[in-house]
Structure formats: structure tokens, C-alpha cells
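# Structural characterization, general
Chain residues, written in single-letter form:
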Amino acid sequence: MTLMLATDIRVAAPHATFGVTEVKRGVFPANGGTQRIIQQLPHAIAMEMLLLGDAINADTALRWGLVNHVAPLPELLPKAMEIARRLAANAPLAVQAAKELALRSRDVDLASGLRMEQLMLRLLQTSSDVQEGSRAFAEKRPPQFTGA
């Protein structure tokens, strides 16, 4: 669960269960478990999971936003691969910047976050990927990004 909390996009099988059950064994969910769960779930839900150590099923995890998709087991890997292909088709520098800015926004006020966005946007505007994205849009074709 703590490893999953460190990921960005999550796909689960219907029979999957999720929990931070360490308190039932005398410890707590380390490796970022206490830090990430409180950032990713509403406070009361995160605290209930942390303090009671009960597991939840895949449907509840989906409803609470802990996972993005629930797919039947035969479709699980194809669904994950489809998401990975869609992600890989995007401009690598833009994806990297979006992730970095989203994560850094937790540590700064809104004005600072907006300023970081402006600076990053200026850097990306000089990339060949921005030019390719614009050309591909105008030509109504899929872009071929290079990460440059």
C-alpha cells in the first residue's frame, strides 16, 4: 500500500483490497505511508485507515479516489498498458514539468506555484516538442514528440 501511495495512476482488480494494517502488528505504515495517505485521502478517511488498520475493497478505493480504475482481472494488464501508452504519447518534457509542478505545489503558496508555472512554461516554449505539438494540431495528426 505504501508503494502504491507513491504512484501517480493506479489500476486495481475487483478482488483487490487496500489497507495500512501495520497498527494491528504494533508498528505504523512507514516508507511514506503516514505522509502520503493523509495527502491523498480526506482527513477522516485517512485517519480511520491509519488508526484502525482495516482494509477496504477495490470499489471503495475507487469511490474514495485511491485508485483511478477497477478492471476485471483479464483486462487489468491491458488497461494499465493502455494508460501507459497514452502517457508515453504525450510530450515528455511537458509531462515531467506537470508532475514536478503538481508535487512542488504542496510546499509553496499559490502565488509561488503560479510563478513557477510561468517560468516552466517559458522554458518549454523553446522546445521542439511545443513546435511539433502545434504543427500536429494544425495538421490534425498525432504528434511525434522527441523530448527536446
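Our subject is the structure that appears above.
The structure contained in this document is the topic of the report that follows. Everything quoted here is computed from the prediction, not taken from an experiment. (Residues numbered from 1 in each chain as written. Predicted model: local features only at pLDDT ≥ 70, side-chain atom pairs only at ≥ 80, totals over all residues. Heavy atoms only, no water.)

## With respect to the overall build of the chain
Counting its regular elements, the chain contains eight helices and four strands. Secondary structure elements of the chain occur, N-terminal to C-terminal, as α-β-β-α-α-β-α-β-α-α-α-α. By the compact-globule yardstick of 15 Å for 148 residues, the chain is too spread out, its C-alpha radius of gyration being 19 Å. By its C-alpha atoms, the chain is 55 × 40 × 20 Å across when sized along the principal axes. When burial is assessed residue by residue, the chain has 24% of its 148 residues classed as buried. Taking contacts inside the chain between residues at least 6 apart in sequence as the whole, the part at least 24 apart equals 60%. For the chain, the exposed surface amounts to about 9,900 Å²; the carbon and sulfur share of it is 59%. For the chain, the separation between the mean place of its 16 positive charges and that of its 14 negative charges on side chains is 3 Å. (Helix = DSSP H or I, 4+ residues; strand = E, 2+ residues; numbered from the N terminus. Rg over C-alpha atoms; globule rule 2.2 N^0.38 Å. Buried < 20%, exposed > 50% of the residue type's maximum accessible area, 1.4 Å probe, protein only. Contact = heavy atoms within 4.5 Å. Areas by Shrake-Rupley, 256 points an atom, 1.4 Å probe, with all protein chains shown as cover. Lys, Arg positive; Asp, Glu negative; His and termini not counted. Charge placed at Lys NZ, Arg CZ, Asp CG, Glu CD.)

## Quick word on the packing of helix α6 (residues 92-104) against helix α7 (residues 110-125)
Interaxial distance between α6 and α7 falls to 11 Å at its minimum, and their mutual angle equals 170°. Considering their axes alone, α6 and α7 lie roughly antiparallel with respect to each other. Residues Leu-93, Ala-94, Ala-97, Leu-101 and Arg-104 of α6 form the contact with α7, whose participating residues are Met-116, Glu-117, Met-120 and Leu-124. Taken together, the residues of the contact of α6 with α7 break down into seven nonpolar, no polar and two charged. (Axes fitted to C-alpha atoms, helices over the stretch in contact; angles between N-to-C directions. Parallel < 35°, antiparallel > 145°, perpendicular 65-115°, else oblique. Nonpolar A, V, L, I, M, F, W, Y, C, P; charged D, E, K, R; others polar.)

## Some points on helix α8 (residues 128-138)
Taken as a whole, α8 has its buried residues at Asp-129, Glu-132 and Ala-136. The buried side chains of α8 occupy one side of the element, clustering within an arc of 60° when seen end-on. In α8, the exposed residues that point more than 90 degrees away from the buried face are Phe-137 and Ala-138. Where α8 is buried, its residues meet α6. Phi for Lys-140, located one or two positions after α8, is positive at around 55°. (Arc of directions from axis to C-beta.)

## Observations concerning the nonpolar core
With 17 residues, the main nonpolar core has Phe-18, Ile-37, Leu-41 and Leu-66 as its most contacted residues. Looking at this core, the elements that each hand over two or more residues are α1 (2-5), α3 (43-52) and α4 (58-63). Sort the elements by how many residues they give to this core and α3 lands first, with four residues. (Core = buried A, V, L, I, M, F, W, Y, C linked by side-chain atoms within 4.5 Å.)

## A short note on the side chain of Ser-127
Considering the arrangement of structural elements, one finds Ser-127 in the loop between α7 and α8. With a relative accessible area of 7%, Ser-127 lands in the buried category. Separated by 3.3 Å, the side chain of Ser-127 and the backbone nitrogen of Val-130 make a polar contact. Those residues in contact with Ser-127, other than ones at most four positions away along the chain, are Leu-93 and Ala-148. (Polar contact = N/O pair within 3.5 Å; in protein donor to acceptor, adjacent residues only side chain to side chain.)

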